[in-house]
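Here's the letter readout for the chains.
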Amino acid sequence: MSTRLDKRFAAQHAEGRATFVTFITAGDPDFDATLEILKGLPGAGADVIELGMPFTDPMADGPAIQASSQRALRGGATMLKTLDLVRRFREGDSETPIVLMGYYNPIYHMGVETFLHAAVTAGVDGLIVVDLPPEEDDELCVPAMEAGLNFIRLATPTTDDKRLPAVLAHTSGFVYYVSINGITGSASPQANDVAAAVSRIKRHTSLPVAVGFGIKTPEQAAEISHAADGAVVGSAIVGEIEKELDENGKLKAGGAARVLDIVRRLADGVHQARVAAAE
Amino acid sequence: MTVNAPSHPNSYRTGPDDRGRFGIFGGRFVAETLMPLILDLEAAYDAAKNDPDFHAEIQDLHTHYIGRPSPLYYAERLTKKFGGAKIYLKRDELNHTGSHKINNCIGQILLARRMGKTRIIAETGAGQHGVATATVAALFGLPCVVYMGATDIERQKPNVFRMKLLGAEVVPVTSGSGTLKDAMNEALRDWVTNVDNTYYLIGTVAGPHPYPTLVRDFQSVIGRETKEQMMTREGRLPDSLVACIGGGSNAMGLFHPFLDDDGVRIIGVEAAGHGIETGEHSASLAGGSPGVLHGNRTYLLQDDDGQILEGHSISAGLDYPGIGPEHAWLRDIGRVEYVSATDKEALEAFQLCSKLEGIIPALEPAHALAYVSKIAPDLPKDHLLVMNMCGRGDKDVFAVAEHLGVKL
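Report on the accompanying structure. Computed from a predicted structure; not experimentally measured.

1. Considering the packing of aromatic side chains
Residues and elements named next belong to chain B.
- The final tally for this structure, using the stated rule, is 12 aromatic pairs over all chains.
- Both rings, one in Tyr200 and one in Tyr211, keep their centres 6.2 Å apart while their planes meet at 55°; by these two values the pair is tilted. Pair noted here: Tyr200 is in strand E8 (residues 198–200) and Tyr211 is in helix H9 (residues 211–219), with a separation of 11 residues, a long-range link. Residue Tyr200 shares its accessibility class with Tyr211, and that shared class is buried.
- Here the basic side chain of Lys86 rests over the ring of Tyr74, its NZ or CZ set 5.1 Å away from the ring centre.
- Stacked on the ring of Phe258, the Lys or Arg Lys227 has its end atom at 5.3 Å from the ring centre.

Laid out in structure tokens, this is it:
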């Protein structure tokens, strides 16, 4: 079965372009602000949207995304509201894939079956759950696949060749290569290392490989896009949202448009990378 | 029943399974970056467990560095005061560094050395585990970074200075509420960043498999000694065991060797803070529900949306919204009873023990004693009760003075 994610990566590949994956946290700083930014993302060049499910204890995230989760929770974010954001987005966009990203506990607490049903109904395409390695596949990964969702696995520099087949076994949609040992938004990856890692992963799978963690500028995004099928930017966008908050923690007038301008520049970096290289 | 009685065909002591689970609890809920590391740790621990040299090294340090075995002390005046059960205190507060935490740190630092790790990190709440970790890092000349919530640093200043004297770097954690759970998040973030050289020395029977198992095994010396000492003193096993529970390492250490001894009643005491009904407590079993945090599934304090709630306890060492997964399992199968004591009850027990026995307990075991004071009067005089005195109270005197309205 070809999913929205499969189609999107295939279409980008056919056009000779890398896929730009953007991350924002649902409900940061509030529901309406997220919805406005969300609706603008495809127009600003986002090919795939990762929507963060806020969690009190985001252990794999750096300061920018930690702060965005806290803002969202203070702003009243809940799992149901996150799913409602997807539903509202889908009313106007049936093409752009949405991947929910977060930690297992809020899903487990809601109940896996209940969550999967609600996610499929809302129009979610895939899941990235940081604290569910292949060893725990029966928890959510297998039920999610059966529900028709892609389960996108993280591969890391510590995932050696021996371990890769297990990591890739139940992965679909794309492989998310975490380019550094560390947390989101910290050190920036070395393009050479990334290229080597991506070809290593590609020896084990035909799935597209998107690379994230530590990509902050259009130039870095372009560099990564030479080596990989896609580039993921999260902390840098979330950091822009933080800059656009007023003293009450609300998005300033015109804030969403300015955040989307940054997204557009990053998107240009990703999309023009190979064009520029060919010239 | 004797010590040598055959163990059950269905033992309570065989867990975890090969996925690191105790029933549905435990497991390995970690980011992929850490997964290869905890598999390495599991392999290293399995090898060490079967190596007599490893056990000999531990034994040597127990005897000459920690000062084990710790005494099993008959608390005659507390016994008289309560007028019922015969109260014994397992004196783990007499260990070097003043608590049971050193038992685990000795085991893990030896493991870290076997694995060739050159840098030690740890989280700490009250600072007891941080001090114990800084101590063994000093002993073996390894650099040590301790993550500690900013709130806890404020209320446990003497331990912060102690860690610095021991050469550790203490990193204040301001994210979240600045307490133990946030310190654990930050330690995990460090580990994921420094995978090559760093050993994460977890202080309690929680975290991803194999931590709950190896910490339990290193702490089980408490229960093994208690068994032998009680046989020598009284010629039989105790009738009941009582220990306080935050993450639950001192309790698991005392309980585990006795789990298959049917006649032994086992009681864990959680921190009820201002009272379970107020919602301001750290009793994950009494007031929480199953969830996944810090690498394992266990009972957690959480809201309707699966967001983790802050614990509250007068004792920084019990102030954690989770509990070790083996405790969660023992509760669900009914082998161990879990009860709670409030801040106020712990403060009373703290003073009582100081005045009657000349032992200033840490606020953590003061919770256990508070519960002992409730049940002991109604128990027969030949009932043998062992309470784990898992830490001494020097670290708490400033906090207690403040609660009692005394200006130092």
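Next comes the rest of the write-up.
2. Here's the deal with the packing of H9 of chain B against helix H10 (residues 221–234) of chain B
All names here are of chain B.
- Close contact between H9 and H10 brings their axes to 5 Å; oriented N to C, the two are set at 30°. Classified by the angle between their axes, H9 and H10 sit roughly parallel to one another. Contacts from Asp217, Phe218 and Gln219 of H9 reach H10 at Val221, Ile222, Gly223 and Arg224.

3. Describing the environment of Ile65 of chain A
Residue and element names in this part refer to chain A.
- In this structure, Ile65 sits in helix H3 (residues 63–74).
- C-alpha separation for the pair Ile65 and Pro54, spaced 11 residues apart in sequence, amounts to 9.2 Å.
- Sequence-distant contacts of Ile65, defined by excluding residues within four places in its chain, comprise Phe23, Thr25, Thr184, Gly234 and Ser235.

4. Digging into the interface of chain A and chain B
- Across the contact, 36 residues belong to chain A and 39 residues belong to chain B.
- Roughly 2900 Å² is buried in total at the junction of chain A and chain B, and carbon and sulfur atoms are behind 49% of that figure.
- Counting the contacts that link chain A with chain B gives seven salt bridges.
- Notably, a salt bridge pairs Asp57 of chain A with Lys181 of chain B, separated by 2.9 Å at the nearest N-O pair.

5. Some thoughts on unusual backbone geometry
Residue and element names in this part refer to chain B.
- For the bond from Gly15 to Pro16, the omega torsion is 0°, close enough to zero to count as cis.
- With respect to the helices and strands, Pro16 occurs in the segment before strand E1 (21–22).
- In this structure, the amide linkage connecting Arg68 to the following residue, Pro69, adopts the cis form with an omega of -5°.
- Looking at where Pro69 falls in the secondary structure, it is placed in the loop between helix H2 (52–66) and strand E3 (72–74).
- Unusually for a residue other than glycine, His294 sits at a positive phi of about 50°.
- Along the chain, His294 falls in the loop between strand E11 (289–293) and strand E12 (295–300).
- With relative accessibility at 2%, the residue His294 sits in the buried group.

6. Some thoughts on the environment of Ala195 of chain A
Residues and elements named next belong to chain A.
- Positionally, Ala195 belongs in helix H9 (residues 191–202).
- Residue classification places Ala195 among the partly exposed positions, given a relative accessible area of 31%.
- On a C-alpha basis, the gap between Ala195 and Val167 in space is 19 Å, while along the polypeptide they are 28 residues apart.

7. Some remarks on the nonpolar core
- Membership of the largest hydrophobic core comes to 105 residues, with the highest contact counts inside it found for Tyr176 of chain A together with Leu111, Trp191, Tyr200 and Phe255 of chain B.
- Apart from residues lying up to four places away in sequence, Phe255 of chain B is in contact with Leu241, Ala243, Ile266, Ile267, Gly268, His327 and Val336 of chain B.

8. Describing helix H14 (residues 343–357) of chain B
Residue and element names in this part refer to chain B.
- Helix length check: H14, at 15 residues, gives a terminal C-alpha distance of 21 Å against a target of 21 Å (1.5 Å per residue), a fit within 8%.
- Tucked inside the fold, the buried residues of H14 contact E3, helix H3 (76–82), strand E10 (265–273), strand E13 (337–342), helix H15 (363–375) and helix H16 (397–403).
- Count one or two residues on from H14 and you reach Gly358, which has phi positive near 70°.

9. A few points about the pairing of strand E5 (residues 119–124) of chain B
Residues and elements named next belong to chain B.
- The element E5 is extensively covered by neighbouring structure, given that six of its six residues are classed as buried.
- Taking every second residue as pointing to the same face, both faces of E5 are buried, with Arg119, Ile121 and Glu123 on one and Ile120, Ala122 and Thr124 on the other.
- Sheet topology places E5 next to E8; three bridges connect them, and they run parallel. Note on E8: the bridge partner recorded for Ile120 is Tyr199.
- By the bridge criterion, five bridges tie E5 to strand E6 (residues 144–149) in an arrangement that is parallel. Paired with Thr124 across the bridge in E6 is Met148.
- Handedness of the E5-helix H5 (residues 128–139)-E6 crossover: right-handed.

Criteria and cut-off values
Residues numbered from 1 in each chain as written. Chains lettered and ligands numbered in written order. Predicted model: local features only at pLDDT ≥ 70, side-chain atom pairs only at ≥ 80, totals over all residues. Heavy atoms only, no water. Phe/Tyr/Trp six-rings, centres within 6.5 Å; stacked < 30°, edge-to-face > 60°. Helix = DSSP H or I, 4+ residues; strand = E, 2+ residues; numbered from the N terminus. Buried < 20%, exposed > 50% of the residue type's maximum accessible area, 1.4 Å probe, protein only. Lys NZ or Arg CZ within 6 Å of the ring centre and 35° of its normal. Axes fitted to C-alpha atoms, helices over the stretch in contact; angles between N-to-C directions. Parallel < 35°, antiparallel > 145°, perpendicular 65-115°, else oblique. Contact = heavy atoms within 4.5 Å. Buried area = accessible area lost by both parts, 1.4 Å probe. Salt bridge = Lys/Arg side-chain N within 4 Å of Asp/Glu carboxyl O. Core = buried A, V, L, I, M, F, W, Y, C linked by side-chain atoms within 4.5 Å. Expected span 1.5 Å × (residues − 1). Pairing = 2+ DSSP bridges. Right-handed = clockwise from strand over helix to strand, strands pointing away.

Honestly, that's just the spatial picture; any functional story needs more than this.
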